[in-house]
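Residue-level listing of the chains:
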There are 2 protein chains.
Amino acid sequence: MMNWISKNNILVVGLGLMGGSVAKGLRRLGFHIEAIDKRQSAIDYAVENGIIDKGYAYPDETAIRKADVMIFALYPEVFKEWVAEQQHLFKYGLLITDVTGVKNCIVYDIQAMLRDDVEYIPAHPMAGREVYGVENADDGIFRGANFIVAPTEKNTPEGIEWCKGLGKILGFRKISVLTPAEHDRMIGFVSQLTHVIAVSLMTCNDNTHLVDYTGDSFRDLTRIASINEDMWSELFLLNKEYLLQHMDSFIREMSQFRDLLAADDREGLKDKMRLSTERHSYFLAKK
Amino acid sequence: MMNWISKNNILVVGLGLMGGSVAKGLRRLGFHIEAIDKRQSAIDYAVENGIIDKGYAYPDETAIRKADVMIFALYPEVFKEWVAEQQHLFKYGLLITDVTGVKNCIVYDIQAMLRDDVEYIPAHPMAGREVYGVENADDGIFRGANFIVAPTEKNTPEGIEWCKGLGKILGFRKISVLTPAEHDRMIGFVSQLTHVIAVSLMTCNDNTHLVDYTGDSFRDLTRIASINEDMWSELFLLNKEYLLQHMDSFIREMSQFRDLLAADDREGLKDKMRLSTERHSYFLAKK
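Residues numbered from 1 in each chain as written. Chains lettered and ligands numbered in written order. Predicted model: local features only at pLDDT ≥ 70, side-chain atom pairs only at ≥ 80, totals over all residues.

What to know about the overall build of chain A
Quick reminder of the rule: Runs of E in the DSSP output that reach at least two residues are strands. Runs of H or I that reach at least four are helices, and both are numbered from the N terminus. We compute the radius of gyration over the C-alpha atoms and compare it with the globule rule, which gives 2.2 Å times the number of residues raised to the power 0.38. Around each residue's C-beta, the other C-beta atoms within 10 Å are counted; 20 or more make the residue buried, 12 or fewer make it exposed, and counts in between make it partly exposed. All C-beta atoms are placed from the backbone. Note that contacts rest on C-beta atoms placed from the backbone: two residues are in contact if these are within 7 Å.
Looking only at helices and strands, chain A features 11 helices and 9 strands. Radius of gyration (C-alpha) of chain A: 21 Å, near the 19 Å computed for a compact globule of 287 residues. The C-alpha extent of chain A, read off along each of the three principal axes, is 70 × 40 × 35 Å. When each of the 287 residues of chain A is scored for burial, the buried share is 48%. In chain A, 71% of the contacts between residues at least 6 apart in sequence involve partners at least 24 apart.

Some thoughts on the nonpolar core
What counts is decided by this rule: Only buried Ala, Val, Leu, Ile, Met, Phe, Trp, Tyr and Cys residues enter a nonpolar core, and they are joined through C-beta atoms within 7 Å.
V12(A) and V12(B) are the most contacted members of the largest nonpolar core, which has 176 residues in total. Look past the residues within four positions of V12(A) in its chain and what remains in contact with it is G19(A), V22(A), A23(A), I33(A), A35(A), I71(A) and A73(A).

Overview of the relation of the copies chain A and chain B
To keep it simple, the criterion reads: Here the copies were fitted onto each other by least squares, based on C-alpha atoms from residues at pLDDT of at least 70 in both.
Rotating chain A by 180 degrees and moving it 0.0 Å along the rotation axis overlays it on chain B with an RMSD of 0.0 Å. Considering both components of the superposition, the chain copies are consistent with a two-fold axis. Of the residues that chain A buries at the interface, 100% are likewise interface residues in chain B, meaning the two copies contact each other through the same surface.

Brief notes about the sheet that holds strand β1 (residues 9-13) of chain B
Residues and elements named next belong to chain B. Just so we agree on the cut-off: At least two DSSP bridges between two strands are required for those strands to pair. Only C-alpha atoms enter the line fits that serve as axes; for helices the fit covers just the stretch in contact. Angles between N-to-C directions range over 0 to 180 degrees.
One open sheet holds the 6 strands; their spatial order is β3-β2-β1-β4-β5-β6, and the pairing between them is parallel. The open sheet has two free edges, formed respectively by β3 (54-56) and β6 (119-120), since each of these has just one partner strand. Where strand β4 (residues 69-72) meets strand β5 (residues 95-98), 4 bridges bridge the pair, whose relative direction is parallel. Along β5, the bridge assignment pairs F72 with D98. Each of β1, β2 (32-36) and β4 touches helix α1 (residues 17-28); the most contacted strand, β2, lies at about 165 degrees to it. Contacting β2 and β3, helix α2 (residues 40-48) crosses the sheet at an angle of about 180 degrees to β3.

Description of the domain arrangement of chain A
Residues and elements named next belong to chain A. We count it as follows: Where each domain begins and ends follows an automated or database-derived domain assignment. We call Asp, Glu, Lys and Arg charged. Ala, Val, Leu, Ile, Met, Phe, Trp, Tyr, Cys and Pro are nonpolar, and the rest, Gly among them, are polar.
Each domain of chain A was delimited in the assignment, giving domain 1 (9-178) and domain 2 (183-286). Facing the 13 residues of domain 1 at the interface are 13 residues of domain 2. Class assignment for the residues of the side of domain 1 that touches domain 2 results in 8 nonpolar, 3 polar and 2 charged.

Some words on the sheet that holds strand β4 (residues 69-72) of chain A
All names here are of chain A. Pairing is parallel across the open sheet formed by 6 strands, whose spatial order is β3-β2-β1-β4-β5-β6. Because the sheet does not close on itself, it has two edges, and the strands there are β3 (54-56) and β6 (119-120). Of the strands in this sheet, β1 (9-13), β2 (32-36) and β4 touch helix α1 (residues 17-28), which is tilted by about 165 degrees from β2.

A word on the interface of chain A and chain B
Each partner contributes to the interface: chain A provides 73 residues, whereas chain B provides 73 residues. The set of elements that each furnish at least two residues to the side of chain A that touches chain B consists of β9 (174-177), α7 (180-203), α8 (216-222), α9 (229-238), α10 (240-262) and α11 (266-286) of chain A. With 15 residues, α11(A) is the single largest residue contributor to the side of chain A that touches chain B. Tallied by class, residues from the side of chain A that touches chain B come to 36 nonpolar, 22 polar and 15 charged.

With respect to the pairing of strand β8 (residues 146-149) of chain B
All names here are of chain B. Short version of the rule: For crossovers, right-handed means that the path from the first strand over the helix to the second runs clockwise, given strands pointing away from the viewer.
In β8, alternate side chains face the same way, and those of N146 and I148 on one face and F147 and V149 on the other are all buried. Pairing analysis gives 4 bridges linking strand β7 (residues 123-126) to β8, with the strands arranged antiparallel. Bridging from a neighbouring strand, A123 pairs with V149 of β8. Here β8 runs beside strand β9 (residues 174-177); their pairing, made up of 4 bridges, is parallel. Note on β9: the bridge partner recorded for N146 is K174. With respect to chirality, the unit in which β8 leads through helix α6 (residues 157-169) into the neighbouring parallel β9 is right-handed.

With respect to the packing of helix α7 (residues 180-203) of chain B against helix α10 (residues 240-262) of chain B
Each pair of packed helices can be summarised by the angle the axes make with each other and by the distance between the axes. Residues and elements named next belong to chain B. This is how the line gets drawn: Any angle that falls under 35 degrees is termed roughly parallel, while one over 145 is termed roughly antiparallel, one within 65 to 115 roughly perpendicular, and all others oblique. Left-handed describes a crossing whose near helix is turned anticlockwise from the far helix through less than a right angle; right-handed describes the clockwise counterpart.
Here α7 crosses α10 at 55 degrees, and the two axes come no closer than 9 Å. The pairing of α7 with α10 is recorded here as oblique in orientation. Our pair here, α7 against α10, has a crossing hand that is right-handed. Of the residues in α10, those touching α7 at D184, R185, G188, F189, Q192, L193 and V196 are Y242, L243, H246, M247 and F250. In the contact of α7 with α10, the residues fall into 7 nonpolar, 3 polar and 2 charged.

Details of the environment of V47(B)
All names here are of chain B. Among the structural elements, V47 can be located in helix α2. Judged by the 15 C-beta atoms lying within 10 Å of it, V47 is partly exposed. Expressed as a C-alpha distance, the spacing of V47 and E34, which sit 13 residues apart in the sequence, is 9.3 Å.

Here's the deal with helix α6 (residues 157-169) of chain A
Along an α-helix, a turn takes 3.6 residues, which lines up residues three or four apart on a common side. Residues and elements named next belong to chain A. The condition that has to hold: Multiplying 1.5 Å by the helix residue count minus one yields the expected span of that helix. Taking the helix axis as origin, the arc is that swept by the directions to the C-beta atoms.
With 13 residues, α6 extends 18 Å between its outermost C-alpha atoms, agreeing within 8% with the 18 Å of an ideal straight helix rising 1.5 Å per residue. Residues of α6 that are buried: W162, C163, L166 and G167. Projected down its long axis, α6 carries its buried residues within an arc of 150 degrees, all on one side. Opposite its buried face, α6 presents the exposed residues P157 and K168, each directed more than 90 degrees away. In this fold, the buried residues of α6 make contact with β5 (95-98), β7 (123-126), β8 (146-149) and β9. Of the residues flanking the end of α6, it is G171, one or two places downstream, whose phi is positive at about 95 degrees.

Remarks on the environment of T152(B)
Residue and element names in this part refer to chain B. Mapped onto the fold, T152 is located in the loop between β8 and α6. The exposure class assigned to T152 is partly exposed, which follows from the 15 C-beta atoms found within 10 Å. Separated by 28 residues in sequence, T152 and P180 have C-alpha atoms that sit 7.4 Å apart. Beyond its immediate chain neighbours, meaning those up to four positions away, T152 contacts V107, Y108, Q111 and P180.

So this is what it looks like as C-alpha cells:
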C-alpha cells in the first residue's frame, strides 16, 4: 500500500530548482506529475519542457483532491500556511513530504495541525546548484548526493520507508534518517556555516580588483557566494540557534589561529594544520 | 640575448611539486634540465620519469657553473642561504627566478646580497595541487593559472620581459607584474586567508561524524584543508603582517554577520548576501 507503484498521482507544490528537479526525476520514472506554483511562467516552462504533465498558477481544487502524494518545495513559512489553508481538500490517506532545508521549526508545527489521516514525512534532499528556478531543474544533481529523512515519533515505520524509497528512486547516493534536531545541527555546520563563510569572504573588503589573481582555492571557497538572499536569510533565521553556535565556534577557532600567528607560534600553527589534514583524510576517504 | 632560445642550460633547485612541474614543462619544450634536491629519491624519480635530464642530491659544482638559468623552488629561508653559499660558482650573467609564494621578505634580501652581474627576477607561478612532491609533478596545472612577476627597481626591463616569457612558454593563462608588496597583500587574501579558513573549518570541532552528510559546499571549502604544515606555517609567518590584516577583517565581517543574525535583522542579512552575489558576479564573469 505504501509502495511507489500505487502512488501514481504526484503533486509538486513550489516549482523552483528543487521542486522542478524532483518533478523531472519522477516524471522520467513514469509518474503522473502535476504542479502548483504562483508563477505562471514557471508552469509554462515546466509543461513545455516535459518536466510536469500539467500545472496551475493557483491551488487548483481538482489537482489537490486527486493527489496521492504531495511534495512541498516552498519556503518554510509559506509551506505552513499552504497546508493550513488547503488541507481540507487533501485525499484521505495522502502522503506528504518536502525538500525544506530546516526541520525543527516546521515539522512539529505541521504535524500538529495536520489531519489525522494524512502523514507528513519530513525530508531534505541535500542537493543544489548555484542557480535558481525551474529553468535550471536537473535531476542529475541527486546522483552522489545525500537524502535525509527527518521523522518524528508521529511518523509510521511504513511512512519512513516510503520516504526513503523516494530518495532511492530519485538516485541519491545515500539515504539517512536523523531527528529534526540532528538534521538542523548538521545542516547548520556543513551547509549554512559554509555559506556564511563564502559571503563574509566576498563582503569583508572590496576584492573585485583581485579578479585576475584568484586561483582554485579562492574560487572553491566562493563558488556558493552567489546566494538567493530571500531563501537563505529565511533558512538562517529559522536555524538561528544552531547556526550561531557554529559561527561562534568557527570565529573562536580562527581567532585562536590568529593569535598563534601573531605570537610567531610556529609549532602551534603546525598542530592546527596537522589536525586539519588528519580530519580531512576521513572526508577524502569517503569521497 | 635575453630570449629563451639562448638559455639552454636550466638548473632547477628544489624538486618538489612546483620545481618538478616547472622542470617537466621546460624539458617538454626542449631545454636541457638539471636539478638539485637533497632527496636522492626525488632525483631518481625525476630522471627515471623523464622530468629532468640529470640531477644531484648535493650542490654539484659543475652543474651550477654551467647553468644559464636557475629556478629556485625552495622554502624561503633555505633559498636565501643557498644563494649566499653558492653564488661564487654562478656563471657570469646568470638569470635567476623562483616560485616562492611570498616576496617582500626574500626579494630585497637576495637582491642586496647578489653579485652585480647576476639578475634575480622574482616570480610566483600561482598554481598548485593538494598533493606534494615531484612524484605529483604536472605542468598541466599551469594552464588557466596566473603567473606573477614581482620585480623591484633593481630589475632590468629585459630581465622582467624574460621572466614574463617563462610564464608564457609554461602555458600560464595570464601574466601580471606586481610589486613584491602588492603581491604579498594579494596572496595573503586570495590564497593564505582561504587556507586559514579551510583549516579552521576542519579544526573548530570534531566534524568527522558528519562525513556522510557533506555536500558540494563543504567539500569545496575544505578541498585545501590537507595542508603541508612545514611550508604553510613558514609562508604564513613570512607574510604575517598582511595575513593578520586579512584575518582581522574577515573575522570582523563574520562577527557583524553573526550579530545581524542574532538580532533577527533580516534586511541586514539580505544586504550582505546581495553584496556577496554582486561581487561574485565579477569573478564569475572572468572565469
